[in-house]
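Chains, contacts and geometry: an overview
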Amino acid sequence: MQPSASDSLSVRVWRGAEDGAFEPFEVPRRESQTVLDVVTFIQRSIDATLSYRFACRVGMCGSCAMTVNGRARWTCRTHVTKVLRHAGDVLEIAPLNHLPMVKDLAVDMTAFFDKWRDAKGYFAGNRDRSAPLELIDPASPERQAADAGIECIGCGVCYASCDVVGWKPDYLGPAALNRAWTLVNDVRDIQQGVRHEAVSNDAGCHSCHTLGSCTERCPKALAPTASIAGLKRAGRQTPKGGTR
Amino acid sequence: MNVTLNAWWLQRMSAMVLTLCVAVHLATMIWVVHGGLRAADVIARLHGNLAWGAFYAVFVIAASVHVPVGLRRIADEWLNWRDAWAGRASVIIGTALALAGLRAVYALVAGTPA
């Protein structure tokens, strides 16, 4: 489909930081056009000062998440037709919620990733590189629970969609807790005790209200709500993983 | 184990107790009213009944454990009230609920009939 003059798309894009405003643009409509295509067109052909973040364009890197018509989405895998249901609808693109705006569509993700660290959301193995690989049964309940949450790309959509993050700024959030849950179920990890202390508290899984927005909106179809429920259940048990 | 884990756990446990208590309370109430008893009859039957006294004492204690934890959470998340006084206020409310509730239970079971 060739774009025609009448076949254009009305877009409103957030410009500036917290005190910014939406700026209107007209962008040519194209077949299979993604929201990221629209933002890239504006930056390359209309206003080169537009700031946004992306890398892979194929849903792997997790860097292009934005608020599209009020809902956090990965823009590279979101077709414009999925957002605009009716003729004349306007595409509204804003930065992610719950994170400080840097400029235009770019937010500062520092707090988001700091919370992964605070939730002990990183692997510490029980062997050095000279030891043989530990065999893990892929069918074991622990490994299946870990596998269910492991494909997170760190896009921040769940974090931006979580009401509790908005109400309680020190809440670790769905992504960090989901990562912690995958590691609670990793029998090779040696940080189970400290991780348990880090996530089973008021800033951790106990603050989740099970609203489910994270699971509803996760572009990778993960279920952080289920992971957090797992952390709650594990709250008064000895952690399952390796050395305490 | 830290204090927040205790509070969260206590709220979960008290919720389980409350589920049973509310179910028994409502079912019994509907049953006796359908059986033709009026409020005065119910109160008369409760007088001196230690089993129902114990049931309602457990009900009151579960509620007074459950309520302050939730109120503190609401104060934290909705009112942005995060200092130690949010915790203290919730404990005061919980204690007041327990005292008022247990006094009412005592009046029902052991008080002087009107």
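This one's a predicted model, so the numbers in the text were calculated from it and none came from an experiment.

1. Things to note about the domain arrangement of chain A
All names here are of chain A. Its domain assignment divides chain A into domain 1 (8-107) and domain 2 (110-236). The distance between the C-alpha centroids of domain 1 and domain 2 comes to 29 Å. Taken together, the 15 residues of domain 1 in the interface contact 14 residues of domain 2. Those elements that place two or more of their residues in the side of domain 1 that touches domain 2 are β3 (65-68) and β4 (71-74). At four residues, β4 tops the list of elements feeding residues into the side of domain 1 that touches domain 2.

2. Re the confidence of the model for chain B
Taken as a whole, chain B shows an average pLDDT of 90; of its residues, 94% reach a score of 70 or greater. What the predictor reports for the complex is a pTM of 0.87 with an ipTM of 0.72.

3. Looking at the pairing of β4(A)
Residue and element names in this part refer to chain A. Summarising the sheet, β3 and β4 pair through four bridges and their orientation is antiparallel. Looking across to β4, one finds that A65 is bridged to W74. Following β3, the chain reverses through two residues before pairing antiparallel with β4; N69 in that reversal takes a positive phi of roughly 45°.

4. Regarding the sheet that holds strand β5 (residues 91-94) of chain A
All names here are of chain A. Spatial strand order, β2-β1-β5-β3-β4: five strands in an open sheet with mixed pairing. Only two strands of the sheet have a single partner each, and these edge strands are β2 (21-28) and β4. Strand-to-strand twist of the sheet, defined as the mean angle between neighbouring strand axes without regard to direction, takes the value 35°. Across eight bridges, strand β1 (residues 8-15) lies against β2 in antiparallel orientation. Bridge pairing in β2 places W14 opposite F22. Helix α1 (residues 35-46) rests against β1, β2, β3, β4 and β5 of the sheet, and its axis sits at about 90° to β2.

What counts, and where the lines are drawn
- Along every chain, residues carry numbers that run from 1 in the direction the sequence is written.
- All chains are assigned letters beginning at A, and all ligands numbers beginning at 1, according to the order in which they are written.
- Where totals are concerned, whole chains, interfaces and linings use all residues; where local detail is concerned, this predicted model gives features only for residues with pLDDT of at least 70, and gives and counts side-chain atom pairs only at 80 or more.
- A domain assignment, automatic or from a database, supplies the domain bounds used here.
- Any two residues are considered in contact once their C-beta atoms, placed from the backbone, lie within 7 Å.
- Only runs of H or I of at least four residues qualify as helices and only runs of E of at least two qualify as strands under DSSP, and these elements are numbered from the N terminus.
- By definition, pLDDT measures how confident the predictor is in each residue, and it falls between 0 and 100.
- Strand pairing follows a simple DSSP-based rule, namely that at least 2 bridges must link the two strands.
- Here an angle of 0 to 180 degrees is reported between the N-to-C directions of two axes, which are lines fitted to C-alpha atoms, with helices fitted over the stretch in contact.

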